[in-house]
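Chain and residue survey
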Amino acid sequence: MGVGPHEHEVMIDSHCHLAGAEFESDLPDVVGRARGAGVRSALVILSAGDAAEAGRAGRVRELWPEVRFSVGIHPHHAGTTTDDLDARIADLERELTTQPAVALGEIGLDYHYDFAPRAVQQEVFRRQLRVARERRLPVVLHTREAADDTFGILAEEGEGLRVVFHCFTGTMAMARRALAEGAWLSFAGIVTFPKATELRDVAAMVPADRLLAETDAPYLAPVPHRGRRNEPALVAHVVSTLAGLRSASVTDLSARITSNYETLFGGPLP
Ligand SMILES: [Zn+2]
Ligand SMILES: [Zn+2]
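Quick notes on the rules
- Residues numbered from 1 in each chain as written.
- Chains lettered and ligands numbered in written order.
- Predicted model: local features only at pLDDT ≥ 70, side-chain atom pairs only at ≥ 80, totals over all residues.
- Heavy atoms only, no water.
- Helix = DSSP H or I, 4+ residues; strand = E, 2+ residues; numbered from the N terminus.
- Buried < 20%, exposed > 50% of the residue type's maximum accessible area, 1.4 Å probe, protein only.
- Donors = N, O, S within 2.8 Å, 3.2 Å for Na, K, Ca; no water.
- pLDDT = per-residue confidence, 0-100.
- Contact = heavy atoms within 4.5 Å.
- Tetrahedral: all angles 85-135°; square planar, octahedral: opposite > 155°, others 65-115°.
- Phe/Tyr/Trp six-rings, centres within 6.5 Å; stacked < 30°, edge-to-face > 60°.
- Lys NZ or Arg CZ within 6 Å of the ring centre and 35° of its normal.

1. Some points on the environment of Ala 54
By the element assignment, Ala 54 lies in helix 2 (residues 51–63). Owing to a relative accessible area of 27%, Ala 54 belongs among the partly exposed residues under this scheme.

2. Structural notes on the coordination of the zinc ion (ligand 1)
Ligation of the zinc ion (ligand 1) by protein atoms is provided by Glu 106 (OE), His 142 (ND1) and His 166 (NE2), these donors lying 2.0 to 2.1 Å from the ion. Going along the chain, you hit the donors of the zinc ion (ligand 1) in the pattern E-x35-H-x23-H. For the pair the zinc ion (ligand 1) and the zinc ion (ligand 2), the metal-to-metal distance amounts to 3.6 Å, and Glu 106 bridges them. Of this pair, Glu 106 sits in strand 4 (residues 103–110) while His 142 sits in strand 5 (residues 139–144), and the two are 36 residues apart along the sequence.

3. Looking at the confidence of the model for the protein
Mean pLDDT for the protein: 95, with 97% of residues reaching 70 or above. In the predicted structure, residues 1–7 sits below a pLDDT of 50 and forms 18 contacts with residues beyond four places in sequence or in another chain.

4. Some remarks on the coordination of the zinc ion (ligand 2)
Protein coordination of the zinc ion (ligand 2) is provided by His 15 (NE2), His 17 (NE2), Glu 106 (OE) and Asp 216 (OD), with donor distances spanning 2.1 to 2.4 Å. What the four donor atoms of the zinc ion (ligand 2) show is an angle range of 89 to 177° at the metal, which sorts the shape as irregular. Each donor residue of the zinc ion (ligand 2) lies on the same chain, and together they follow the pattern H-x1-H-x88-E-x109-D.

5. Thoughts on the packing of aromatic side chains
Where two aromatic rings form a pair, the distance of their centres and the angle of their planes describe that pair. Summed over the entire model, instances satisfying the criterion amount to five aromatic pairs. Ring geometry for Phe 165 and Phe 168: centres 6.3 Å apart, planes at 65°, overall edge-to-face. Residue classification places Phe 165 among the buried positions, given a relative accessible area of 2%. Accessibility expressed as a relative area gives 4% for Phe 168, which makes it buried. Plain terms: the ring middles of Phe 168 and Phe 187 are 6.3 Å apart, the flat faces sit at 70° to each other, and that makes the pair edge-to-face. Highlighted residues: Phe 168 in the loop between strand 6 (163–165) and helix 6 (172–180) and Phe 187 in strand 7 (residues 184–187), separated in sequence by 19 residues. Phe 187 matches Phe 168 in its accessibility class, with the two residues each being buried. The structure contains a cluster of three or more aromatic residues connected by ring pairs, namely Phe 151, Phe 165, Phe 168 and Phe 187. When the ring centre of Tyr 111 is taken as reference, the NZ or CZ atom of Arg 118 above it lies at 4.1 Å. Above the face of the Phe 193 ring, Arg 226 is positioned so that its terminal group lies 3.5 Å from the ring centre.

So, in structure tokens, the structure goes:
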């Protein structure tokens, strides 16, 4: 695999699952390729309560000290009941402190898969938004086929929160609504897919100070790597696609995205 089209640029992968089991066997190579491609930092998403992943996060940090972490209960893992939610929120709070995390997520609603009952997803989402407010942490939001309920709960629980719609794939109308609410939009490799015409219009429209780029690795590899395991080095393809759509230089866009990342997720990089 090549190191991407702009190996001299400084880039950020604002959402990846680098502590996933998919990277266990060749993590040093994956990190080496990311650094070789100019990826300076990444926001590594951890699933709250996954002890094996939390253990692997330590190795990610050793190999790549510039990465930052986010922890949350994904809507897929919201469970079948809220009976034990107090204990799960207490566990989450502990993990946010011990990592430490610069963000809370990914959290939200997924009505495409419906792996958890919607009422449970909603309650787990609400409780985590309250934690984010108390701790003044930005929220990494996962929402799929659930726009109205997502906006409704954010209106009730999200006062003053900084929210990133990760892997944004919504319509232009949804993008405008999110931006009007003060949110950031993060684009993944889907923006490189041939059929994603409306998404490319959205990516061209988003103000530069609300824009992020991500891989969501190991998922969603961009063209020309589609269908294989994704990895942070490939964020270069997302950034170059975004730059083309916005008639911006990759250098300028990368600098802008880096600044947005620093603003949202833990301040200036070393
Ligand atoms: Zn997601
Ligand atoms: Zn993700």
